[in-house]
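# Topology and contacts: notes
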Amino acid sequence: MTKKTILDVSVENKRVLVRCDFNVPLDDAGEITDDLRIRAAVPTIQYLLEHGAAVILCSHLGRPKGKIVESLRLDPVAARLSEQLGVTVKKVNEVVGEAAAAAALSMRPGDVLLLENTRFEPGDEKNDPDLSRKLAALADLYVNDAFGAAHRAHASTAGVAAFLPAVSGLLMGREIEVLGKALEAPERPLVVILGGAKISDKIGVIENLLTKADRILIGGGMANTFFAARGYEMGDSLVEQDAISTAADLLARAGSILVLPEDVVLADAFSAQANAKVSLPDKVEPGWRILDIGPKTAELYERLIAGAGTVIWNGPMGVFELEPFAKGTFAVARALAASHAMTIVGGGDSAAAVQESGVADSIGHISTGGGASLEFLEGIELPGVAVLEDK
Ligand code: ADP
Ligand code: MG
């Protein structure tokens, strides 16, 4: 599982093609509303520049589906990255082609070039070897630093590695190291907290972690399907009928590893203005729905987190977007922050909840990959990682 990183190879006087995850949110005016992903890419780029490389960057942005979409050009990324690096990032308007090749060939150490949105090329998502070969021809070394796209076998995330030596960047390297250790050699007890809307998104994660974790604490909408499997009436709660039998099977196999909420917060509408009350999970009346874990459950989870050696958290405990139902999620966020354990947060909404709760700086590792971190936790080998050279 240990993969070479840029620290393990010489980059001096090389042209290095770096696949980044610059898939940033844009507003209607095309302005970047959150540049976390750009900032996260800076250490790798800076390291390469300081060690005498010329750096060719590429990334996808949004879903242009193999066509040029003017609003998804990477020019705003080039501008923001230039500010962050203190170096002018030159941008070309194509991924591969004569202009890209000419720009790449004229580069000197210390130069930075950004290629156009890789998904303007239909060959990217198809993992077309022809596109991979053309991308590879621009450079001497391939660096994958796009953990957020590592679960996709695309030309720019995986295919290109067939034609160039391939190693991970610093961001990708840390993701693999932290998540890998948590799964393979965690400080124990390993406590996993799983929430979010749907159990069907996370069945693979539960399956894989059932044999690895000491406790799996369940919250969020997915708890409802487990309750339904126990035969509880769920009122208007979100329940996945299709997954009830799977949930029953997991409950039967999990023993004491799987922990369900002892109490829940009910609402009589899906709204911040709804009437709300704390209830036992088997006392949900018609017209009411579960929107958060209750205070006793929050306390229990806080205690189990405090006693953990490693904590992995994916999925909010409730509908934290509505203030009255954010308490359970924020309690878990604060418990992670206060813990002495190695704490890991994966998942876009969970990461957002941690930011909102103001304790992000006290979390050990906030993964930059939503889908990728989930697949990693499922035990699936990510294509963008598999193609990198072993140490
Ligand atoms: P992540 O992005 O961290 O992986 P998910 O996307 O799986 O998390 O789930 C996040 C969503 O789950 C949030 O939008 C939240 O409102 C929703 N959610 C949490 N608890 C409930 C609940 N009890 N009922 C309905 N939706 C819920
Ligand atoms: Mg999500």
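Residues numbered from 1 in each chain as written. Chains lettered and ligands numbered in written order. Predicted model: local features only at pLDDT ≥ 70, side-chain atom pairs only at ≥ 80, totals over all residues. Heavy atoms only, no water.

## A word on the pattern of salt bridges
Let me state the cut-off plainly: One speaks of a salt bridge when a side-chain nitrogen belonging to Lys or Arg is within 4 Å of a carboxyl oxygen belonging to Asp or Glu. Exposure classes here rest on a 1.4 Å probe applied to the protein chains alone. A residue is buried below 20% of its type maximum, exposed above 50%, and partly exposed in between.
Overall, the coordinates contain 19 salt bridges when judged by the stated rule. Residue R39 pairs with D35 through a salt bridge whose shortest N-O separation is 2.8 Å. For R39, a relative accessible area of 42% gives the class partly exposed. With a closest N to O distance of 3.7 Å, D282 and K283 form a salt bridge. On the accessibility criterion, D282 (38% relative accessible area) is partly exposed.

## A short note on the domain arrangement of the protein
Condition: Residue ranges assigned to the domains are those given by an automatic or database domain assignment. Here a residue-residue contact requires only that any non-hydrogen atoms of the pair lie within 4.5 Å. Joining two parts hides part of their accessible area as seen by a 1.4 Å probe, and the buried area is that hidden amount summed over both. Definition of a polar contact: a pair of N or O atoms within 3.5 Å, with one able to donate and the other able to accept a hydrogen when the atoms are protein atoms, and with sequence-neighbouring residues admitted only if both atoms are side-chain atoms. Any residue outside Ala, Val, Leu, Ile, Met, Phe, Trp, Tyr, Cys, Pro, Asp, Glu, Lys and Arg is labelled polar, Gly included; the first ten of those are nonpolar and the last four are charged.
What the domain assignment reports for the protein is domain 1 (6-171) and domain 2 (179-378). Between the C-alpha centres of domain 1 and domain 2 the distance comes to 35 Å. In this complex, domain 1 contributes six residues to the contact, which on the side of domain 2 involves nine residues. At the boundary of domain 1 with domain 2, total buried surface from both sides reaches about 610 Å², with 66% on carbon and sulfur atoms. The largest share of the area that domain 1 buries against domain 2 comes from F147, H151 and L171, three residues that together contribute 71% of it. Linking domain 1 to domain 2 there are zero salt bridges. Applying the counting criterion to the domain 1 and domain 2 interface returns zero residue pairs in polar contact (both at pLDDT 80 or more). For the side of domain 1 that touches domain 2, the per-class residue count stands at two nonpolar, two polar and two charged.

## Thoughts on the packing of aromatic side chains
Inclusion rule: What counts as a ring pair is set by centres within 6.5 Å for rings of Phe, Tyr and Trp (its six-membered ring), and what kind of pair is set by the plane angle: stacked under 30 degrees, edge-to-face over 60, tilted for all other angles. Numbering of helices and strands runs from the N terminus; a helix is a DSSP stretch of H or I covering at least four residues, while a strand is a stretch of E covering at least two.
On inspection of all chains with the given rule, the structure shows two aromatic pairs. Relative to F376, the ring of F147 lies with its centre 6.5 Å away and its plane at 55°, an arrangement referred to as tilted. Of the two residues, F147 is situated in the loop between β5 (141-144) and β6 (166-168) and F376 in helix α13 (residues 370-377); the sequence distance between them amounts to 229 residues. Owing to a relative accessible area of 6%, F376 belongs among the buried residues under this scheme. With a centroid separation of 5.7 Å and an interplanar angle of 15°, the aromatic rings of F227 and Y232 are classed as stacked. For Y232, a relative accessible area of 23% puts it in the partly exposed group.

## A look at the nonpolar core
For soluble globular proteins, nonpolar side chains are generally found buried alongside one another. Definition in use: The definition of a nonpolar core used throughout is a set of buried Ala, Val, Leu, Ile, Met, Phe, Trp, Tyr and Cys residues joined through side-chain atoms within 4.5 Å.
With 47 residues, the main nonpolar core has I206, I216, I218 and F226 as its most contacted residues. Membership of the second largest hydrophobic core comes to 32 residues, among which are I38, V55, L85 and V143.

## A word on the environment of V69
Considering the arrangement of structural elements, one finds V69 in the loop between β2 (54-58) and α2 (75-85). Among the residues examined, V69 registers a relative accessible area of 27% and is labelled partly exposed. With 51 residues separating them along the chain, V69 and F120 place their C-alpha atoms 7.4 Å apart.

## With respect to the environment of A182
Within the secondary structure layout, A182 lies in helix α6 (residues 170-184). As for A182 and G309, which are separated by 127 residues in sequence, their C-alpha atoms are 9.8 Å apart. If sequence neighbours within four positions are ignored, A182 has contacts with L190, T310, I312 and I344.

## A few points about α2
For an α-helix, 3.6 residues make a turn, and residues three or four places apart therefore share a direction. Condition: Each direction from the helix axis to a C-beta atom contributes to the arc, which is the arc of those directions.
Taken as a whole, α2 has its buried residues at V77, A78, L81, S82 and L85. Along the long axis of α2, the arc covered by the buried residues comes to 135°, so they all point the same way. Residues of α2 that are buried in the fold lie against α1 (36-50), β2, β3 (89-91) and β4 (112-114).

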